[in-house]
Amino acid sequence: MQYFAENATPVWVLGAILLTMTGIAYVHTRRGAALGAMLAVAVLTGLGLLAERLIVTPREEVQATLLTLLDRAEANDLPGVLAMVDTNSASIYADAEALMPKFLIHKAGANGEIEVLIDADQPNPEATATFKFAVNVTHRQSGVKAPYFDDVTLMLRKRGDDWVITDYSATKNWRADAARL
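Residues numbered from 1 in each chain as written. Predicted model: local features only at pLDDT ≥ 70, side-chain atom pairs only at ≥ 80, totals over all residues. Heavy atoms only, no water.

1. Quick look at the overall build of the protein chain
- Regarding its fold elements, the protein chain presents seven helices and four strands.
- Taking 2.2 N^0.38 as the reference for a compact globule, 181 residues should give roughly 16 Å; the C-alpha atoms of the protein chain span a radius of gyration of 23 Å, well beyond that estimate.
- In terms of principal-axis extent, the alpha carbons of the protein chain reach across some 75 × 40 × 25 Å.
- Burial status across the protein chain gives 34% buried among its 181 residues.
- In the protein chain, the proportion of contacts linking residues at least 24 apart, taken out of those at least 6 apart, comes to 55%. (Helix = DSSP H or I, 4+ residues; strand = E, 2+ residues; numbered from the N terminus. Rg over C-alpha atoms; globule rule 2.2 N^0.38 Å. Buried < 20%, exposed > 50% of the residue type's maximum accessible area, 1.4 Å probe, protein only. Contact = heavy atoms within 4.5 Å.)

2. Some details on the pairing of strand S2 (residues 126-139)
- Two strands pair when backbone bridges link them, and strand S1 (residues 103-119) and S2 are joined in this way by 13 bridges, in the antiparallel orientation. Its bridge partner being in S2, Ile 105 is matched across the sheet by Val 137.
- The turn linking S1 back onto S2 is made up of six residues.
- Bridging between S2 and strand S3 (residues 145-159) involves 13 bridges; their strand directions are antiparallel. Looking at S3, one finds that Phe 131 is bridged to Val 152.
- Turn length for the S2-S3 hairpin, with the two strands adjacent in sequence and antiparallel, is five residues, and the turn residue Gly 143 shows positive phi of about 80 degrees. (Pairing = 2+ DSSP bridges.)

3. Considerations on helix H6 (residues 90-99)
- Among all positions of H6, only Ile 92, Asp 95, Ala 96 and Leu 99 are buried. Along the axis of H6, the buried positions cluster into a sector of 95 degrees, meaning they face one direction only. (Arc of directions from axis to C-beta.)

4. Describing the environment of Ile 55
- Along the chain, the position of Ile 55 falls in the loop between helix H3 (32-54) and helix H4 (58-74).
- For Ile 55, a relative accessible area of 44% puts it in the partly exposed group.

5. Some points on the pattern of salt bridges
- One pass over the structure, following the stated rule, counts four salt bridges.
- The salt bridge involving Asp 86 is made with Arg 159; its shortest N-O contact spans 2.7 Å. Taken as a pair, Asp 86 in the loop between helix H5 (78-82) and H6 and Arg 159 in strand S3 lie far apart in primary sequence, 73 residues in all.
- The class for Asp 86 is buried, based on a relative accessible area of 5%.
- Residue Arg 159 is classed as partly exposed on the basis of its relative accessible area of 32%. (Salt bridge = Lys/Arg side-chain N within 4 Å of Asp/Glu carboxyl O.)

6. Structural notes on the sheet that holds S3
- Strand order in the open sheet made by the four strands is S1-S2-S3-S4, with antiparallel pairing throughout. The sheet is open, and its two edges are formed by S1 and strand S4 (162-170), each paired on a single side. Neighbour-to-neighbour, the strand axes of the sheet open up by a mean angle of 30 degrees, direction not taken into account.
- Packing against the sheet, H4 makes contact with S1, S2, S3 and S4, and its axis sits at approximately 170 degrees to S1.
- Sheet strands in contact with H6 are S1 and S4, and its direction is about 75 degrees off that of S4. (Axes fitted to C-alpha atoms, helices over the stretch in contact; angles between N-to-C directions.)

7. Topic: the confidence of the model for the protein chain
- Per-residue confidence for the protein chain gives a mean pLDDT of 88, with 95% of residues at or over 70.
- Mean pLDDT across the elements of the protein chain ranges from a minimum in helix H1 (residues 2-6), with 61, to a maximum in H5, with 95. (pLDDT = per-residue confidence, 0-100.)

8. Some words on unusual backbone geometry
- Positive phi, close to 55 degrees, is recorded for Arg 30, a residue that is not glycine.
- Relative to the helices and strands, Arg 30 resides in the loop between helix H2 (9-29) and H3.

9. Some thoughts on H2
- Along its 21 residues, H2 runs 30 Å from first to last C-alpha, staying within 8% of the 30 Å computed at 1.5 Å per residue.
- Backbone geometry just downstream of H2 places Arg 30 in the positive-phi region, at approximately 55 degrees. (Expected span 1.5 Å × (residues − 1).)

10. Structural notes on the pairing of S3
- Direction of pairing for S3 relative to S4: antiparallel, over a ladder of eight bridges. Each residue of the ladder has a partner; that of Arg 157, found in S4, is Val 164.
- Counted between consecutive antiparallel strands, the loop separating S3 from S4 contains two residues, among which Gly 160 sits at a positive phi close to 65 degrees.

Here you go:
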């Protein structure tokens, strides 16, 4: 059921198939019942699409949190980025405070799909988001412009209504790469 709450495509496809079938029945019979079935399918498809839009799953919340984080990074908003980090995550604070002031971020994003795994069996659910990180930056001191790509995994925990970042892992050493500029 969660798949339907996160993806409108199956609702569209099922609605189109059923509408086609009831449309064929109506064309062949010209009966009011067939027309009523067509209308019912159209209404149910519309309700399914509305439900998909209104229901926000934990996976969608985590994806939205990640996109908000990337938007804040792209806006060079260090306080905004730090506001999304768990207060117990000193290493993330240190990395953000060390790296963000050194660079002017022009574009930050997630290439491809953001894979999210949720562990909801706890009072404070946890999630893991894996994505391909892409950023275009200018080193403030040297003026060197460079794109940077990496595979990143964020660990998050639900705190109240928000998801906060508790840890991260990357395939590259960001501090060492930044020190080369």
